[in-house]
Amino acid sequence: MSSAPDRPVLPAVADVLGRDGAYRDPVWQLTVQLTPVERELMTCWWVRRLHFVAHAGAAAIGTTQTYSRLEHSLGLLALTAHFTPDDRTARVAALLHDVGHLPLSHTFEGVAGLDHHDLGKRRIADLADTLHRHGLDPDSVVATETGKRRSALSGAPGSLKLDHFESLLRSGQAHGRTAETPSATLARVRVRDGCVTTDAETAEYLAGLVAGEARWLCSETNAITNGATRYLAGLILRDADSHRRDEVAAMTDTEFWALLLTHPRTAAHARSLRSDPWSWSIVEPGDQPTTGPTYEVKQLYLDMPRVDGSPLAATHPAFEHLPDMPWRCDLRPPPDIGGHR
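Residues numbered from 1 in each chain as written. Predicted model: local features only at pLDDT ≥ 70, side-chain atom pairs only at ≥ 80, totals over all residues. Heavy atoms only, no water.

Topic: the overall build of the protein
And step 1. From N to C terminus, the protein includes 14 helices and 9 strands.
And step 2. The C-alpha atoms of the protein give a radius of gyration of 21 Å, which matches the 20 Å a tight globule of 341 residues would have.
And step 3. In terms of overall dimensions, the protein has C-alpha extents of about 70 × 50 × 50 Å along its principal axes.
And step 4. Considering only intrachain contacts with a sequence separation of at least 6, the fraction spanning at least 24 residues in the protein is 73%. (Helix = DSSP H or I, 4+ residues; strand = E, 2+ residues; numbered from the N terminus. Rg over C-alpha atoms; globule rule 2.2 N^0.38 Å. Contact = heavy atoms within 4.5 Å.)

With respect to the environment of Ala128
And step 1. Along the chain, Ala128 falls in helix 6 (residues 128-133).
And step 2. Ala128 gets classed as buried once you look at its relative accessible area, which sits at 15%.
And step 3. Residues Ala128 and Arg271 lie 143 residues apart in sequence; the distance between their C-alpha atoms is 40 Å. (Buried < 20%, exposed > 50% of the residue type's maximum accessible area, 1.4 Å probe, protein only.)

A look at the packing of aromatic side chains
And step 1. Counted by the stated rule, this structure contains 4 aromatic pairs.
And step 2. A centroid spacing of 6.1 Å and a plane angle of 25° characterise the contact between Trp45 and Phe52, whose relative ring orientation is stacked.
And step 3. Of the residues examined, Phe52 reaches a relative accessible area of 37% and is grouped as partly exposed.
And step 4. Taking the centre distance of 4.8 Å and the plane angle of 20° together, the rings of Phe108 and Phe256 count as stacked. Pair noted here: Phe108 is in the loop between helix 4 (88-96) and helix 5 (116-126) and Phe256 is in helix 13 (residues 253-262), with a separation of 148 residues, a long-range link. For the pair Phe108 and Phe256, a shared accessibility class is recorded, and that class is buried.
And step 5. Arg170 extends its terminal NZ or CZ atom over the ring of Tyr67, reaching a point 6.0 Å from the ring centre.
And step 6. If you follow Arg274 out to its NZ or CZ, it ends over the ring of Trp257, 4.9 Å from the centre. (Phe/Tyr/Trp six-rings, centres within 6.5 Å; stacked < 30°, edge-to-face > 60°. Lys NZ or Arg CZ within 6 Å of the ring centre and 35° of its normal.)

Structure representation (structure tokens):
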């Protein structure tokens, strides 16, 4: 009997700690041999904290999109290492690009002036000693993350960049929108000048995923969970001093929910939202005015993959059903709790 061909032994556990010097991404089916600085950063709190922050924000309480912001960051690291294995600065920028995110990611971005881009720069500065020790410049890491330094992460206006490609496929898989595994899609993708480039058929497929992600952002489920939680965050933060805002910004999701569930201004609302999100409702046009919060989507991520050097035109049939921006809706809290306070 002939013996089976030798095959690589894959890790039995998809850990996010870089144990044994490697990370195996289960979505992209890529194995990254971690550099010393990446291994050290994966044990730093600002990176570890991302594993306790939901990528979908408060929508994680009402959907199957429950993976963490760290899983996305490690996915981007895997893709960056796949396309540009020798760009140490871009790899680290991929790993650190989301360290400034608030608890629940984008859910209450901008409330009380909180901005994850500014917070990210501060947190990368906190890691300066680690970066310097490994011969990396923190300013170059920030410049790479923001696209000022050209890399696989750069992107260009109107073109799909690697960060959004990673998020698009991971979210699509979590929601069941993908028609094939992300690793199969990846096999037909290249990155040129920081832009995702592919063939026409794959670009059309990705366009459908872009439209699906946009429809999800304007869905009732997303509006209720993120809109109501954003409103609750505002009740706590609108009168908070800068020290308190910084404390909240550094929390994990669990710590932030604990705050909402115990604060006298938010406890009843938070309990109703977590136990039965549909106890909140969208106020339909023509209904009686509500004193509850308003949820707004200011813009959609509609950047497209490139085909033959140019972004695919947004002509996919699914784009015909997208709402005009900004998209707003009013929310009505449960009647036994009351409205805006």
